[in-house]
Amino acid sequence: MEKNIIKIAPSILAADFARLGEQVAEAERAGADRIHVDVMDGHFVPNISMGAPIVKSLRPITHLPLETHLMITDPDFFFDEFVEAGSDSFIVHWEGNNNLHRTIQRVKSLGKKVGLAINPATPASVLEEVLADLDLVLVMTVNPGFGHQHFIHTTLPKIQRARQMIEHSKPDCELELDGGLDANTAPLGVAAGANVLVAGSSIFGDRLGVDAAMKKLRTATADIVNKEKETVCA
């Protein structure tokens, strides 16, 4: 995998739900690589967000992959309805999962990509036994449950450790970050090894609009990407 190609996944948790379809279309036109759908049940995290009907409503209006981040208790019970609604991939959490291996294999049996998220206080070492089965690792750079949070800088060494593990065991696995990412913090995450950025408030909350916000993120990370390319070619 070309880890120096940075992908952006706008999180609709921060979108204006009165014009959700319009904003997703704006993100697609602006060059988004996928749409990140945060699902919260009020149990695993202290908030309630959206469910399969939102995915179903978005499926006809975008060609982008719909990445479904399940911050919920017992995600296994909900895969079928999200698949039917149009989800292309699932991200589940290491924390609180009763049988993680079974959950991962269940997603794979449905023919969908599977990612594993780890919270800020969870060490990268928990990835060791399941990394070979993953398409994506998501390092939470805020505590899950709410948008508009500040990037936790102490997660940067963990991002570096996750990248080292991926390069050693599963080079084609993506490394995604979620939480507090903007033009100031995204370059830090990319420099640490991330190649997918989930951004909500910094994209849908930018007063200049979605297109300008996407360009700002790409410009902010361009120097890091170019330096990595130069290092490889040297």
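Relevant structure appears above.
Everything in this summary refers to the structure shown in the same document.

The rules behind the values
- Residues numbered from 1 in each chain as written.
- Predicted model: local features only at pLDDT ≥ 70, side-chain atom pairs only at ≥ 80, totals over all residues.
- Heavy atoms only, no water.
- Pairing = 2+ DSSP bridges.
- Helix = DSSP H or I, 4+ residues; strand = E, 2+ residues; numbered from the N terminus.
- Axes fitted to C-alpha atoms, helices over the stretch in contact; angles between N-to-C directions.
- Contact = heavy atoms within 4.5 Å.
- Phe/Tyr/Trp six-rings, centres within 6.5 Å; stacked < 30°, edge-to-face > 60°.
- Core = buried A, V, L, I, M, F, W, Y, C linked by side-chain atoms within 4.5 Å.
- Buried < 20%, exposed > 50% of the residue type's maximum accessible area, 1.4 Å probe, protein only.

A closer look at the sheet that holds strand β5 (residues 113–118)
The parallel open sheet is built from 8 strands, whose spatial order is β1-β8-β7-β6-β5-β4-β3-β2. Pairing within the sheet leaves two strands with one partner each, and these edge strands are β1 (7–10) and β2 (35–40). Averaged over all adjacent pairs, the angle separating strand axes in this sheet is 25°, with direction ignored. Here β2 pairs with strand β3 (residues 66–71) via 6 bridges, running parallel. For Val-39, the partnering residue across the bridge sits in β3 and is Leu-70. Sitting on the sheet, helix α5 (residues 156–169) is in contact with β5, β6 (136–140) and β7 (174–178), with an inclination near 160° to β7.

Section: the packing of aromatic side chains
Overall, the coordinates contain 2 aromatic pairs when judged by the stated rule. Ring centres of Phe-82 and Phe-90 lie 6.5 Å apart, and the angle between their planes is 80°; this geometry places the pair in the edge-to-face category. An aromatic cluster is defined as three or more aromatic residues linked by ring pairs; in this entry it consists of Phe-79, Phe-82 and Phe-90.

Observations concerning the nonpolar core
In this structure, Ile-12, Ile-35, Leu-134, Val-137, Val-139 and Ile-203 are the most contacted members of the largest nonpolar core, which totals 62 residues. Among the elements that line this core, the one with the most residues is helix α8 (residues 210–233), at 6 residues. Apart from the residues within four sequence positions on either side, Val-139 is in contact with Ile-118, Lys-158, Ile-159, Ala-162, Leu-175, Glu-176, Leu-177 and Asp-178. In terms of nonpolar packing, the next biggest core, distinct from the first, is built from 6 residues, Ile-91, Leu-136, Met-140 and Val-142 among them.

Everything listed is a geometric property; what it means functionally is a separate question.
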